[in-house]
Amino acid sequence: WSSDVCSSDLFPSHDRGRVRALGGQFDGVLGIIRQPQSKSVSGTSFGVEFDENNGGHDLNGACKEGYGWYVNPDNLEKVGLQVGDRVQATAYPFEGVKGTVRDVENTEWIGVEFDEKNDMGHDLDAGYHCEDGYGWYYDPSDLKLLPSTDKKPSVKKPKFAEDIS
């Protein structure tokens, strides 16, 4: 990422973006951009909430204490949603409901198993199957990434397509 590519336009308010730190004390650590690009005396930076406590701060209330750090965009790389990420839908039919990413094979549509059943939901119809009524495919822009500390309330054993007869 260069400064001109890594702009706040890439991360509108509904999707702040998942990143991996490059180099330095956070090399390889994943996080979520919580504050858009800003300029200061020390240069341009993003407020990043890392998945691990790094002895940082709370980004002025934008994340949990100890997880936040301001990072130069040259030290970040954009990472797409990954299987296991916790998300919250921002669009119909699961708007406001939390779930877990289960299918990222097609980056245009992300398969999510939600924590609550919805009459519109299905079983994801792909390599990963969930209980009918809990699955939905979303455009990534309709999913808000949640901190890694957000845990699913109960764990269901995944059903894979080859297990279903």
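Because the structure is a prediction, the values reported are computed rather than measured.

1. A closer look at the side chain of Asp85
Line of reasoning, step 1. Topologically, Asp85 is positioned in the loop between strand E5 (76–79) and strand E6 (86–89).
Line of reasoning, step 2. A residue is classified by how much of its surface remains accessible, and Asp85, at 9% relative accessible area, is buried.
Line of reasoning, step 3. The contact partners of Asp85, leaving out residues within four places of it in the chain, are Arg18, Gly80, Gly99, Thr100, Val101 and Leu145.

2. Considering the nonpolar core
Line of reasoning, step 1. Ranked by size, the top nonpolar core spans 14 residues in total, and within it Val87, Ala89, Phe94, Val112, Phe114, Tyr138 and Leu143 carry the most contacts.
Line of reasoning, step 2. Secondary structure elements with two or more residues in this core: E6, strand E8 (110–114), strand E10 (135–138) and strand E11 (143–145).
Line of reasoning, step 3. Element by element, the count of residues in this core is highest for E8, at three residues.
Line of reasoning, step 4. Here Tyr138 is in contact with Ala89, Ala91, Tyr92, Pro93, Phe94, Glu95, Glu108, Trp109, Ile110, Phe114 and Leu143, once residues within four sequence places are set aside.
Line of reasoning, step 5. The next biggest cluster of nonpolar side chains, apart from the first, holds ten residues, and it includes Ala21, Phe26, Val71 and Leu76.

3. As for the packing of aromatic side chains
Line of reasoning, step 1. Counted according to the given criterion, the structure contains five aromatic pairs.
Line of reasoning, step 2. Seen from their ring centres, Phe94 and Phe114 are 4.1 Å apart, and the 10° between their planes marks the pair as stacked. Of this pair, Phe94 sits in the loop between E6 and strand E7 (98–103) while Phe114 sits in strand E8, and the two are 20 residues apart along the sequence. Summarising the burial analysis for this pair, Phe94 and Phe114 share the class buried.
Line of reasoning, step 3. With centroids separated by 6.5 Å and ring planes inclined at 55°, the aromatic side chains of Phe94 and Trp136 adopt a geometry described as tilted.

Analysis parameters
- Residues numbered from 1 in each chain as written.
- Predicted model: local features only at pLDDT ≥ 70, side-chain atom pairs only at ≥ 80, totals over all residues.
- Heavy atoms only, no water.
- Helix = DSSP H or I, 4+ residues; strand = E, 2+ residues; numbered from the N terminus.
- Buried < 20%, exposed > 50% of the residue type's maximum accessible area, 1.4 Å probe, protein only.
- Contact = heavy atoms within 4.5 Å.
- Core = buried A, V, L, I, M, F, W, Y, C linked by side-chain atoms within 4.5 Å.
- Phe/Tyr/Trp six-rings, centres within 6.5 Å; stacked < 30°, edge-to-face > 60°.

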